[in-house]
Amino acid sequence: MEENKMPDNKTLVRFNVQNIKYATPSASGGFNTPVAYGTALKMALQADSSVKKIFGDGRRICSIVNDKGKTGTMTTNNVSDDYEIAMGRKIKTANGLAEIKQQKNVVHAIYFETCGLAEDGSMPIAKTWLYGVTSSRPDESFDQNTDDINESTFDTPLEMIGTNLQNADGSNYKDEKGNEVIVWQMTVTPDDANYDTFGDSVVLPKMPNANAEG
């Protein structure tokens with residue numbers, strides 16, 4: 001006799017962004033411990049993809065997807081000087097903090113969380129890692145108004161080239177056609193394994209162990 005299965009508790013809406021962290025590459029080839037960036041206002045992510053339609057004999061014979069990754073904008077209440085130093089855009093001098101010409105692109109990972117409202121009224125937190133991230137200098141603006149306090153916001157442009165999906169043994173996974181699979185981002189919710197520690201270190205996407213018991 002089959003056990004009665006509980007219905008899926010679907011998330012109806014998702015909102016807010018919080019707890020942004022970044023992890024820079026380590027000398028050993030992995031990632032350093034994630035560092036808190038600061039308070040977040042928005043994480044806007046856009047797909048950088050297009051479809052090439054090929055025609056022959058007066059009709060469309062195929063379509064080729066050109067998926068180049070994602071772009072985005074990370075909006076925060078303030079600029080993290082530690083992040084800008086890690087990205088090679090600022091440097092500490094004897095006189096103060098100097099903003100310098102960027103001469104390298106540091107490929108790193110970014111973590112953030114979003115809130116949700118589920119069908120049962122609970123509010124599950126979703127945790128996300130972005131992979132293969134590079135960033136540009138944030139835009140800054142400061143306003144003055146005699147009637148009220150105008151807080152400033154800072155927009156940091158992001159690009160994501162992703163990372164290879166791995167097998168359980170750490171080798172690169174390939175699909176049935178021999179293609180490597182690129183992962184732009186990965187998200188977990190409270191029902192997923194290792195949810196509690198997902199933001200403690202960079203979790204690289206891996207396929208399940210084929211020999212594991214189901």
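Quick look at the structure, then. (Residues numbered from 1 in each chain as written. Predicted model: local features only at pLDDT ≥ 70, side-chain atom pairs only at ≥ 80, totals over all residues. Heavy atoms only, no water.)

A few words now on unusual backbone geometry. Despite not being glycine, N19 has its phi angle at roughly 55°, a positive value. For N19, the position within the fold is in strand β1 (residues 11-23). (Helix = DSSP H or I, 4+ residues; strand = E, 2+ residues; numbered from the N terminus.)

Further remarks concern the pattern of salt bridges. Enumeration over the complete set of coordinates arrives at four salt bridges. Of the charged contacts in the structure, one is a salt bridge between D48 and K68, with a shortest N-O distance of 3.8 Å. Of the two residues, D48 sits in strand β3 (residues 40-56) while K68 sits in strand β4 (residues 59-76), which places them 20 residues apart along the sequence. Note that E99 and R137 form a salt bridge whose closest N and O atoms lie 3.1 Å from each other. Of this pair, E99 sits in strand β6 (residues 97-99) while R137 sits in the loop between β8 (125-135) and β9 (154-160); the two residues are 38 residues apart in sequence, bridging distant segments of the chain. Judged by relative accessible area, which is 48%, E99 ranks as partly exposed. (Salt bridge = Lys/Arg side-chain N within 4 Å of Asp/Glu carboxyl O. Buried < 20%, exposed > 50% of the residue type's maximum accessible area, 1.4 Å probe, protein only.)

Another point: the packing of aromatic side chains. Summed over all chains, the structure comprises three aromatic pairs. When the centroid spacing of 5.2 Å and the interplanar angle of 70° are considered together, the rings of Y37 and Y83 count as edge-to-face. Here Y83 lies in helix α1 (residues 81-86) and Y37 lies in strand β2 (residues 35-38), a separation of 46 residues in the sequence. The residues Y37 and Y83 share a single accessibility class, namely buried. The rings of Y22, Y37 and Y83 are connected pair by pair, giving a single aromatic cluster. Across the ring face of Y111, the terminal group of K21 is positioned such that the distance to the ring centre comes to 5.2 Å. In this structure, K127 packs its charged tip against the face of Y195, placed 4.1 Å from the ring centre. (Phe/Tyr/Trp six-rings, centres within 6.5 Å; stacked < 30°, edge-to-face > 60°. Lys NZ or Arg CZ within 6 Å of the ring centre and 35° of its normal.)

Tracing the backbone through its elements, the reader meets T76 in strand β4. On the accessibility criterion, T76 (0% relative accessible area) is buried. There is a polar contact of 2.9 Å between the side chain of T76 and the backbone oxygen of N78. (Polar contact = N/O pair within 3.5 Å; in protein donor to acceptor, adjacent residues only side chain to side chain.)

Pairing between β1 and strand β7 (residues 108-118): eight bridges, direction antiparallel. Its bridge partner being in β7, Y22 is matched across the sheet by I110. As judged from the three bridges shared by β1 and β2, these two strands associate in the antiparallel manner. Considered in β2, the bridge of I20 is made with G38. (Pairing = 2+ DSSP bridges.)

I20, M43, I110 and L158 are the most contacted members of the largest nonpolar core, which totals 18 residues. With near-sequence residues (within four places) excluded, I110 lies in contact with I20, K21, Y22, M43, M74, Y83, T128, W129, L130, V133 and L158. Residues A23, W129, V188 and Y195 belong to the second largest nonpolar core, which totals 11 residues. (Core = buried A, V, L, I, M, F, W, Y, C linked by side-chain atoms within 4.5 Å. Contact = heavy atoms within 4.5 Å.)

Scope: geometric values only; no functional claims are made or implied.
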